[in-house]
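Summary of the model geometry
These are the residues of each chain, in order.
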Amino acid sequence: NAASLYGPEILLMGTFWPGPQIGKKLGQVIREAAAAGHEMGLHTWDHHQWQSRIDSMSDAQLFQSLQNGVDMLGEILGRAPETSAVPGWKCTDAVLTQKTKFPFRYNSDCRGDRMFNPMVGGKVLAQPQIPVTLPTYDEVLGRNGITNANYNDYMLGLLQPDRLNVLTIHAEAEGNICRDMFDEFVRKAMDQGYEFVPLSGLLPEDFSMLPTGRIVNREFPGREGWISCIEID
């Protein structure tokens, strides 16, 4: 029920009228999050454009979109962002190539089960990928008997102590209508011995230890259209 989760204003944002520049409206909130110790990265400059036009954007358009976001976030934080994650896990080899022109230490642009060094055109890029391993709230709710009442137990059951565990949360869900439920998830996970760390804390010191792989576009349960997933060589 996207309308109740996001609200009609967010659903239509960027379609019939331009979306707001969140960095200008909420720059102080972003600075406060950084000051609290959170790792800050670029998501996107224009979310709707990226998700609806990524297949047809030129290299120049991709670069400019990334540059616009890096410039604004850099202005807010007083430093360039060191990481990024594309909207909707919609990434291409062209996107990965354009990202190498920015000082991103790593990126999180796909779904998968392990970190890897992406390969494009036979060349290994210097920005490793940390994929999202766990399904999101909107992907599982209402499917296979999952409700708000048993959602946390279901998600906790997916955690694997000897594997990579990366969860994407959204301000509209876990930060709003599902806030109490998410607080409970965090407490229960910590009670089971799990620790919450910045994504960069998962990276090995030597990136060459990671396997090489490619991103491929696949359909994904609970998602419309394609998203980027890993394919390890």
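Quick caveat: nothing in here was measured; it's all calculated off a predicted structure. (Residues numbered from 1 in each chain as written. Predicted model: local features only at pLDDT ≥ 70, side-chain atom pairs only at ≥ 80, totals over all residues. Heavy atoms only, no water.)

1. As for the overall build of the chain
What counts is decided by this rule: Labels follow the DSSP assignment, with helices taken as runs of H or I lasting at least four residues and strands as runs of E lasting at least two, numbered in each case from the N terminus. With the radius of gyration taken over C-alpha atoms, the globule rule is written as 2.2 Å times the number of residues to the power 0.38. Working rule for contacts: check all heavy atoms of both residues, and any pair within 4.5 Å makes them a contact. In short, Shrake-Rupley with a 1.4 Å probe defines the accessible areas, and a residue's cover is counted only from the protein chains shown.
Check the secondary structure of the chain and you find 11 helices and six strands. Relative to its length of 233 residues, the chain is compact, with a C-alpha radius of gyration of 18 Å against a globular reference of 17 Å. The C-alpha extent of the chain, read off along each of the three principal axes, is 45 × 45 × 35 Å. Sequence-distant contacts in the chain: of pairs separated by 6 or more residues, those separated by 24 or more amount to 60%. Accessible surface, the chain: about 13,100 Å² in total, of which carbon and sulfur atoms supply 52%.

2. As for the pairing of strand β6 (residues 226–232)
Counted only if it meets this: Only protein chains enter the accessibility calculation, which uses a 1.4 Å probe; a residue is then buried when its area is under 20% of its type maximum, exposed when over 50%, and partly exposed in between. Any two strands are treated as partners once DSSP identifies two or more bridges connecting them.
Of all the seven residues making up β6, five are buried; the element is thus mostly covered by neighbouring parts of the structure. Between the antiparallel neighbours strand β5 (residues 212–219) and β6 lie six residues, among them G222 with a positive phi of about 85 degrees.

3. A few points about helix α6 (residues 59–77)
Here is the rule we go by: Given a helix with a known number of residues, its expected span is that number minus one, times 1.5 Å.
Relative to the 27 Å expected for 19 residues at 1.5 Å per residue, α6 spans 27 Å between its end C-alpha atoms, a close match to the ideal helical length. Where α6 is buried, its residues contact α3 (22–25), α4 (27–35), α5 (47–53) and α7 (93–99). In the stretch just after α6, G78 is the one whose phi turns positive, near 80 degrees.

4. Some thoughts on unusual backbone geometry
At W89, a position not held by glycine, the phi torsion is positive, near 55 degrees. Structurally, W89 can be placed in the loop between β1 (83–84) and α7. Positive phi outside glycine occurs at N144, with the angle close to 55 degrees. With respect to the element layout, N144 can be found in the loop between α8 (137–140) and α9 (151–158). Owing to a relative accessible area of 80%, N144 belongs among the exposed residues under this scheme.

5. Quick word on empty space enclosed by the protein
Cut-off, in case you're wondering: The pocket and cavity definitions rest on a 1 Å grid over protein atoms only: a 1.4 Å probe that fits but cannot leave marks a cavity, an open set with protein on both sides within 12 Å along at least five of seven lines marks a pocket, and residues lining either have an atom within 4 Å of a point. Grid points are joined across faces, edges and corners, and a volume is the space filled by probe spheres set on the points. As a working rule, the residues Ala, Val, Leu, Ile, Met, Phe, Trp, Tyr, Cys and Pro are called nonpolar, Asp, Glu, Lys and Arg charged, and the rest polar, with Gly in that last group.
Inspection of every chain in the model, using the stated rule, returns two cavities of 30 Å³ or more. Here the largest cavity defines a volume of roughly 60 Å³. If you trace the largest cavity, you find it lined by Y151, N152, M155, L167, I169, E174, M181, F182 and F185. At the level of elements, α9 and α11 (179–191) are the ones that each hand at least two residues to the lining of the largest cavity. Taken together, the residues of the lining of the largest cavity sort by class into seven nonpolar, one polar and one charged.

6. With respect to α9
Operational definition: This arc corresponds to the set of directions leading from the helix axis out to the C-beta atoms.
Buried residues of α9: Y151, N152, M155 and L156, and no others. For α9, the buried positions fall inside an angular range of 125 degrees around the axis, keeping them on one side. Exposed positions of α9 whose direction lies more than 90 degrees from the buried face are D153 and G157. Summarising the contacts, the buried residues of α9 are in contact with α8, α10 (173–177) and α11.

7. Things to note about the packing of aromatic side chains
Note the threshold: Stacked, edge-to-face and tilted are the three classes for Phe, Tyr and Trp ring pairs, Trp counted by its six-membered ring, which pair at centre distances within 6.5 Å; planes under 30 degrees apart are stacked, over 60 edge-to-face, the rest tilted. For a Lys NZ or an Arg CZ to count as sitting over a ring, it must be within 6 Å of the ring centre and within 35 degrees of the ring normal.
Counting across every chain of the model gives four aromatic pairs. Both rings, one in F102 and one in F104, keep their centres 5.8 Å apart while their planes meet at 25 degrees; by these two values the pair is stacked. Taking the relative accessible area as the measure of exposure, F102 reaches 6% and is therefore buried. We classify F104 as buried; its relative accessible area is 4%. If you follow K90 out to its NZ or CZ, it ends over the ring of W226, 4.3 Å from the centre.

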